[in-house]
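Analysis of the macromolecular model
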Amino acid sequence: MTKHEIREAAFIVLYQMELTGQEAAEIADCTSEAFDMPVNKAVLSLADKVWSKRTELDDIIGRYSPSRTVARISKINLTILRIAVYELVFEEKVPPKVAINEAIELSKAYAEHNDRVFINGVLNSCYKDSGK
């Protein structure tokens with residue numbers, strides 16, 4: 001799997017975790033079948049890492065969301081933002097511009113056009129303050 005495919009599969013798993021409250025491993029088989037997308041250790045690892053830090057990630061997202069509280073951000077957008085902010089803040093191997101670009105690519109596939117602008121704005125503000 002490419003890193004993009006891993007992110008996309010992790011996005012789908014995390015979105016389902018958000019909706020169902022189940023753990024990544026419980027969702028893996030259903031995700032793999034329903035979306036015809038493999039769910040491997042890398043996908044589950046990313047999903048688990050992001051999920052374990054979601055409170056901290058939501059705090060960061062809230063700081064950079066000028067128009068919406070975290071509670072008002074759609075679950076799709078919030079999931080995309082969580083993955084990208086996780087990579088911006090906690091993954092030194094992922095270049096910041098790659099994390100932002102990957103989030104925009106996910107938003108093109110799963111979010112509305114106006115949401116892409118919002119996601120890009122939040123991530124660019126976070127990146128500028130990160131000092132990376």
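Here the structure is shown first, and the text comes after it.
For the structure given in this document, a descriptive report is provided here. (Residues numbered from 1 in each chain as written. Predicted model: local features only at pLDDT ≥ 70, side-chain atom pairs only at ≥ 80, totals over all residues. Heavy atoms only, no water.)

1. Let's talk about the overall build of the protein chain
- Broken down by element type, the protein chain carries seven helices and zero strands.
- Its helices and strands in sequence order give the protein chain the pattern α-α-α-α-α-α-α, from N to C terminus.
- Compactness check: the protein chain gives a C-alpha radius of gyration of 14 Å against a globular reference of 14 Å for 132 residues, within 12% of the reference.
- Projected onto its principal axes, the C-alpha coordinates of the protein chain cover approximately 40 × 30 × 25 Å.
- Looking at the protein chain as a whole, 43% of its 132 residues qualify as buried.
- Contacts spanning at least 24 positions in sequence make up 67% of the contacts within the protein chain whose residues lie at least 6 apart.
- Total accessible area on the protein chain is roughly 7200 Å²; 49% of this is exposed by carbon and sulfur atoms. (Helix = DSSP H or I, 4+ residues; strand = E, 2+ residues; numbered from the N terminus. Rg over C-alpha atoms; globule rule 2.2 N^0.38 Å. Buried < 20%, exposed > 50% of the residue type's maximum accessible area, 1.4 Å probe, protein only. Contact = heavy atoms within 4.5 Å. Areas by Shrake-Rupley, 256 points an atom, 1.4 Å probe, with all protein chains shown as cover.)

2. Some points on helix α4 (residues 54–64)
- Along α4, the residues classified as buried are Leu57, Asp58, Ile60, Ile61 and Tyr64. Angular distribution of buried residues about the axis of α4 spans 160°; they occupy a single face of the element. Exposed residues on α4 whose side chains face more than 90 degrees from its buried face are Thr55 and Arg63. (Arc of directions from axis to C-beta.)

3. A look at the environment of isoleucine 104
- Note on placement: isoleucine 104 falls in helix α6 (residues 96–110).
- The buried category is assigned to isoleucine 104, whose relative accessible area is 14%.
- Sequence-wise, isoleucine 104 and alanine 84 are 20 residues apart; in three dimensions their C-alpha atoms are separated by 9.4 Å.
- Beyond its immediate stretch of four places on either side in the chain, isoleucine 104 contacts Arg116, Ile119 and Asn120.

4. Examining the pattern of salt bridges
- The full count for this structure, using the stated rule, is eight salt bridges.
- Among the salt bridges present, the one from arginine 68 reaches aspartate 115, with a minimum N-O distance of 3.7 Å. Of this pair, arginine 68 sits in the loop between α4 and α5 (75–90) while aspartate 115 is found in helix α7 (residues 113–130), placing the two residues 47 residues apart along the sequence.
- According to the relative accessible area criterion, arginine 68 is partly exposed, its value standing at 22%. (Salt bridge = Lys/Arg side-chain N within 4 Å of Asp/Glu carboxyl O.)

5. Details of the nonpolar core
- Grouped together as the largest cluster of nonpolar side chains are 42 residues, with contacts concentrated most on Leu81, Ile119 and Leu123.
- When neighbours within four sequence positions are excluded, leucine 81 is seen to be in contact with Ile61, Ile73, Phe118, Ile119, Val122 and Leu123. (Core = buried A, V, L, I, M, F, W, Y, C linked by side-chain atoms within 4.5 Å.)

6. Focus on the packing of aromatic side chains
- Across all of its chains, the model carries three aromatic pairs by this definition.
- Geometrically, the ring pair formed by phenylalanine 11 and tyrosine 110 is tilted, given 4.7 Å between the ring centres and 45° between the ring planes. Linking phenylalanine 11 in helix α1 (residues 3–20) with tyrosine 110 in helix α6, this pair joins segments that are 99 residues apart in sequence.
- You can call phenylalanine 11 buried: its relative accessible area is 2%. (Phe/Tyr/Trp six-rings, centres within 6.5 Å; stacked < 30°, edge-to-face > 60°.)

Function-wise, these values are silent; they only describe arrangement.
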